[in-house]
Amino acid sequence: MSSLLPKLWAKITALILFILTVLLFIPSAAGIGYLVFTDAYSDGGRAALKNVLSGDIFASSMGNAVDYYTLSLDPGKSTAHYKETFSEENSNFFFTVTDESGAVLLKNYSSPDYRYSRSENYSILVNEKHHSHTLSFKNYQDRWNYIEECQERYFNVDYSAWDEDTDGDGNFECVVNIEYSSGDVEEITVTGYVKDELSAPDRFATASFWMEKLINMRFLLIALAIVCFVCAVFLFAFLICSAGHKEGVEGIHLNWVDRIPFDLYLLFMAFALFACYALMDELRHGAEEIIIGAALLVPLALLLIMSLVMSFAARAKAGEWWKNTIIFRVLKLIKRFLSWLLDLCKSIARAMPFIWKLALIWLAISIIELLCILAFGLIGALLPLWFIEKILLTALLLTAAMNMQRLQKGGHEIAAGNLSHSIDLKHMLWDFKKHAEDLNSISGGMQRAVDERMKSEHLKTELITNVSHDIKTPITSIVNYVDLLKKENLGSEKAAEYVQVLDRQSMRLKKLTEDLVEASKASTGNIPVNIECVNCSLLLSQAIGEYEDRLNERQLELIQDSDGPTEIWADGKLMWRVFDNLLSNVCKYALEGTRVYVSAEPREDQLIITFKNISNYPLNISSEELMERFVRGDTSRSTEGSGLGLSIAKSLTELQNGTFELIIDGDLFKAQLSFPLCVKPQGQTSAN
Amino acid sequence: MYNILVCDDEKDIVSAVEIYLSAEGYKVFKACSGREALAIMAREDIHLLLLDIMMPGMDGITTMTKIRESSNIPVILLTAKSEDTDKILGLNVGADDYITKPFNPVELMARVKSQLRRYMTLGSGSIKPSVMRIGGVELDDNAKTVTVDGDPVTLTPKEYDILRFLMQNAGTVFSPSEIYRRVWEDIPLNADNTMAVHVRHIREKIEINPAEPRYLKVVWGKGYKMEVNE
């Protein structure tokens, strides 16, 4: 069953069947209703049949009989048509027309057996004459009186009234054009009968034939109605379930109809249904037109309703159907506009200086107060007092606000690191003044501490630089003499080995001193930084080119990957030293025969440069520790290197306003740098 | 042979340098202070001076300024200061080269030889129109040869083309793609990496210390350039 749900042919079949069952159900339900109304189920339909014979058809036949009699009074007119209609062969209805005394004036035929008869009195106009004339009156009252008089005395009165200057004297007269008939009124009684045996093929015979059919089918009709109803309910349920499913599409599929805003769709459907109804109303005057109209319009209306219901079902299944309505969108727009307005107000309030905010609020409060005072009529002696109080309070408040603003500015300056700012103490109120003095002494104290710190940092750098200069001279001697020793014939193999060690260690010492000076200068910012727009991808290629041989030596395969814009704000020389340190690290600590990944990719307005390699040694220390000076990946410290490389790289990166981050995941060592891009990805160009 | 004056307050360094220089056949004069160096300069016919900057009394910079008043012999500064500003200062007041402590004896010898050769043999030689010269680097476009301080250097054809292009446009920075386009006359593909390797190879061949090139410089993040004649 559920496999049928998404099938298009199943849906169309179900829709057609649904319309058919509803079309069958409506007339059978109407028939049942009529039969119940006429008690056909209790008396076998006798009352219903009698109802049909004594109803509209009987009344119209009676009317025809009266017309027949009226026509027969006028000798100039032929009654052949009526004679034919009311002959025994053509009519099951016979009648007698009698006057007040009971004398028969007219009859067609008579029969002893009849099913139903009824007598009715009629007043008819004989010797009828038609009048029409136009009259003028002096005033409206006279005209009305005349019209009323005509209505009392004559028949079929019809008139039209207007004002016109008929005699040309400049005054308007009241004019009426009146039409009426005059004649004598004759009272007659018409008695109509319906023959027992409906032998003639007239309307009585047809009506009773269909009525009897209906009565015979009365129990079958109930069964049909029930079956149709059940089928219709089942098909309806099937259609609702299948709504939103499409063959070959998982989940709920919305077709183009379902994407129309729902309220718009509803409005369109309502309009279409109303058009159907109006058309139906237009067609109701002829029996054939009613049938054709119903046969076309009822299925159409059903189709429209079903499409609406199914579309709604699909939308409801897809969830949040109300979002696809024009009302919702309009409300959303309004909400966005309101929040924009609120933001605007907020940012205006934020941008306004404190003193203005306070003044505005104070002004508003004062105006409200004044209005209240005026409204309650406290004008007398209180008003001047109120004004004096307001003026005094305003002065006090504004002074306090001004003080507050100064304090605020002072606090802000200290927070921003501008410690030399001191708050102006002029015109300060007592408590504000004390607070300002405290703030000033805080900034003074901090300034002293910062100065001292700067001085000690500077001294430290100087010390390291000087000490390393002094160390370099003896190292020069050591390096040179070790080199000379190597060239001497030392006679013993051991001696040669020892010289090798001396050579290696003196080289390490040399490198260590160089790194130490560099690290100290980098961490204190004692290096000139020249920030410009450099092509990072090119820089990486250049740096990798420098390391090609060393990487090959360790059988490291380097994979470089850069994508998108790679121009960054940095100092090319310092960047090279950062990459130099990182690549040298890779050569020293990457596992031989593995791959090394170097990538540069833009993310928002930053370029992320990543170095990834597999460590030769287990990295059982945290990335923070690894960046500390003199900490090295191999705790044995057996390899070359000072343990300063990463620290230098980090300091140099930070000097260029970049960020440096180490990520250690098992044996995966990852250094991630980020620098601001020169050209923002969305196309905003910074000055170069 | 040539006379070389070595001036440093550290006697061990002077002795070591003397051993190396003597082994190469130079005659070495030793001085422990700037004053002594000036005295020897006045007395002897010195062809090259190795001068330490940080010395008690008269320092290297002052000594050199004095020497430059009367002589234009090559001066190589020995310095423990590795900052760029010190090097620039040294070169500006008249040094021909510098070498930072602790130095590698091989590098020292190479620099000494280079300076001597340029000073003694090449200094005033007439230059043929097909020859380009920048510092000690000489490129003869007719003979398709390159010499550095007189020593022939073997370059691959591409390396030769790159060097010639950069020497023709000395002082200008070229991006790898630009060099590739002009030298290969082709659309640059992966030019950055290709050029990085080629330039490093050229540097290894023409520079005494490829990590601190004097002629063919890497402009990080921009490209490469050949220095103009000093």
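What you are looking at is a predicted structure, and each value in this text was computed from that prediction instead of being measured.

(A) Examining the overall build of chain A more closely. Across its full length, chain A carries 19 helices and 12 strands. Relative to its full complement of 688 residues, chain A shows a buried share of 21%. If you take every contact in chain A between residues at least 6 apart in sequence, the share linking residues at least 24 apart comes to 73%.

(B) Main features of the overall build of chain B. Each helix and strand in chain B was counted, giving 8 helices and 11 strands. Counting across all 230 residues of chain B, residues that qualify as buried make up 38%. Relative to all contacts within chain B whose residues are 6 or more apart in sequence, the contacts with residues 24 or more apart total 54%.

(C) Representation of the packing of helix 9 (residues 262-282) of chain A against helix 10 (residues 287-318) of chain A within the structure. Residue and element names in this part refer to chain A. Packing of helix 9 against helix 10 leaves a shortest axis separation of 10 Å and a crossing angle of 165 degrees. As summarised for this structure, helix 9 and helix 10 are arranged roughly antiparallel, according to the angle between their axes. For helix 9 against helix 10, the interelement crossing comes out left-handed. Facing F262, Y265, M269, A272, L273, C276, L279 and M280 of helix 9, the residues of helix 10 in contact are G293, L297, L300, A301, L304, L308, S311 and R315.

(D) A look at unusual backbone geometry. All names here are of chain B. With an omega of -10 degrees, the peptide bond between K101 and P102 qualifies as cis. For P102, the position within the fold is in the loop between strand 5 (97-100) and helix 5 (105-122). Of note in this structure, E185 is not a glycine but carries a positive phi near 50 degrees. Relative to the helices and strands, E185 resides in the loop between helix 7 (176-183) and helix 8 (191-206). The class of E185 is exposed, set by 8 C-beta atoms lying within 10 Å. Residues other than glycine seldom take positive phi values, yet N190 does so here, at roughly 55 degrees. You can call N190 exposed: it has 11 C-beta atoms within 10 Å.

(E) Structural view of helix 7 (residues 203-216) of chain A. Residues and elements named next belong to chain A. Between its first and last C-alpha atoms helix 7 spans 20 Å; for 14 residues at 1.5 Å apiece the expected length is 20 Å, and the two agree. Taken as a whole, helix 7 has its buried residues at F204, S208, M211 and I215. Along the axis of helix 7, the buried residues cluster in a sector spanning 65 degrees; they form a single face. Away from its buried face by more than 90 degrees, helix 7 exposes T206, F209, W210, K213 and N216. Its buried side turned inward, helix 7 meets helix 2 (40-43), helix 3 (46-53), helix 4 (56-73), strand 1 (93-98), strand 5 (173-195) and helix 8 (218-242).

(F) Representation of the packing of helix 16 (residues 536-553) of chain A against helix 8 of chain B. Two elements in contact, helix 16 of chain A and helix 8 of chain B, have axes separated by 8 Å at closest approach and are oriented at 40 degrees. Classed by the angle they form, the pair helix 16 of chain A and helix 8 of chain B counts as oblique. Seen along the crossing, helix 16 of chain A lies across helix 8 of chain B with a hand that is right-handed. Together, A:S537, A:L538, A:S541, A:Q542, A:I544, A:G545, A:E546 and A:E548 of helix 16 of chain A and B:D192, B:N193, B:A196, B:V197 and B:R200 of helix 8 of chain B make up the contact between the two elements. Across the contact of helix 16 of chain A with helix 8 of chain B, the residue classes break down as 4 nonpolar, 5 polar and 4 charged.

(G) Geometry of the sheet that holds strand 5 of chain B. Residue and element names in this part refer to chain B. Strand order in the open sheet formed by 5 strands is 2-1-3-4-5, and the pairing between neighbours is parallel. The strands lining the two open edges of the sheet, one partner per strand, are strand 2 (27-31) and strand 5. Pairwise comparison of adjacent strand axes, ignoring direction, gives a mean angle of 20 degrees for this sheet. As judged from the 4 bridges shared by strand 3 (residues 48-52) and strand 4 (residues 75-79), these two strands associate in the parallel manner. Along strand 4, the bridge assignment pairs L49 with V75. Relative to the sheet, helix 2 (residues 34-43) contacts strand 1 (3-7), strand 2 and strand 3, its axis offset from that of strand 1 by approximately 165 degrees.

(H) Molecular detail of the interface of chain B and chain A. Between chain B and chain A, the contact holds 24 residues from the first and 29 residues from the second. Within the residue set of the side of chain B that touches chain A, elements represented by two or more residues are helix 1 (11-23), helix 8 and strand 10 (216-219) of chain B. Of all the elements, helix 8 of chain B adds the most residues to the side of chain B that touches chain A, at 5 residues. Partitioned by chemical class, the residues of the side of chain B that touches chain A number 13 nonpolar, 4 polar and 7 charged.

(I) Expanded view of the nonpolar core. Membership of the largest hydrophobic core comes to 68 residues, with the highest contact counts inside it found for A:L539, A:M575 and A:F579. Examining the composition of this core, we find that 9 residues originate from one element, helix 17 (residues 572-589) of chain A, more than from any other. Setting aside anything within four residues of it in sequence, one finds A:M575 in contact with A:V534, A:L539, A:A570, B:W220 and B:G221. By size, the runner-up hydrophobic cluster in this structure holds 33 residues, among which are B:I73, B:L77, B:A95 and B:F103.

(J) Focus on the environment of A:L393. Residues and elements named next belong to chain A. Within the element layout of this structure, L393 appears in helix 13 (residues 382-415). A residue is classified by how many C-beta atoms lie within 10 Å of it, and L393, with 12 of them, is exposed. As a C-alpha pair, L393 and W362 span 31 residues in sequence and 9.8 Å in three-dimensional space.

(K) Seen up close, the confidence of the model for chain A. Chain-level pLDDT for chain A is 83 on average; 95% of the residues reach the 70-or-more range. The low-confidence segment residues 683-688 of chain A (pLDDT under 50) makes 5 contacts with residues lying over four places distant or belonging to another chain.

(L) Seen up close, the sheet that holds strand 8 (residues 145-148) of chain B. Residues and elements named next belong to chain B. The sheet built from 4 strands is open, its strands ordered 6-7-8-9 with antiparallel pairing. Only two strands of the sheet have a single neighbouring strand rather than two, namely strand 6 (131-134) and strand 9 (151-153). Across the sheet, the mean angle separating the axes of adjacent strands is 25 degrees when strand polarity is ignored. Pairing between strand 6 and strand 7 (residues 137-140): 4 bridges, direction antiparallel. Pairing of M132 across the sheet is with L139, part of strand 7. Lying on the sheet, helix 6 (residues 157-168) is in contact with strand 6, strand 7 and strand 8; it crosses strand 7 at an angle near 110 degrees.

(M) Representation of the pairing of strand 2 of chain B. All names here are of chain B. In terms of strand pairing, strand 1 meets strand 2 through 5 bridges, oriented parallel. What sits directly across from N3, in strand 2, is K27. A crossover connection joins strand 1 to the parallel strand 2 through helix 1; in handedness this β-α-β unit is right-handed.

(N) How the structure looks around the environment of B:A37. Residue and element names in this part refer to chain B. Along the chain, the position of A37 falls in helix 2. Judged by local crowding, A37 falls into the buried class, with 29 C-beta atoms found within 10 Å. Residues A37 and L51 lie 14 residues apart in sequence; the distance between their C-alpha atoms is 8.8 Å. Once residues within four sequence positions are removed from consideration, A37 is found in contact with L5, C7, A31, L51 and T63.

(O) Just the confidence of the model for chain B, in detail. Residue-level pLDDT values for chain B average 86, and 95% of them are 70 or greater. The ipTM for the predicted assembly is 0.80, set against a pTM of 0.51.

Rules used throughout
- Residues numbered from 1 in each chain as written.
- Chains lettered and ligands numbered in written order.
- Predicted model: local features only at pLDDT ≥ 70, side-chain atom pairs only at ≥ 80, totals over all residues.
- Helix = DSSP H or I, 4+ residues; strand = E, 2+ residues; numbered from the N terminus.
- Buried ≥ 20, exposed ≤ 12 C-beta atoms within 10 Å, placed from the backbone.
- Contact = placed C-beta atoms within 7 Å.
- Axes fitted to C-alpha atoms, helices over the stretch in contact; angles between N-to-C directions.
- Parallel < 35°, antiparallel > 145°, perpendicular 65-115°, else oblique.
- Left-handed = near helix turned anticlockwise from the far one by under 90°.
- Expected span 1.5 Å × (residues − 1).
- Arc of directions from axis to C-beta.
- Nonpolar A, V, L, I, M, F, W, Y, C, P; charged D, E, K, R; others polar.
- Pairing = 2+ DSSP bridges.
- Core = buried A, V, L, I, M, F, W, Y, C linked by C-beta atoms within 7 Å.
- pLDDT = per-residue confidence, 0-100.
- Right-handed = clockwise from strand over helix to strand, strands pointing away.

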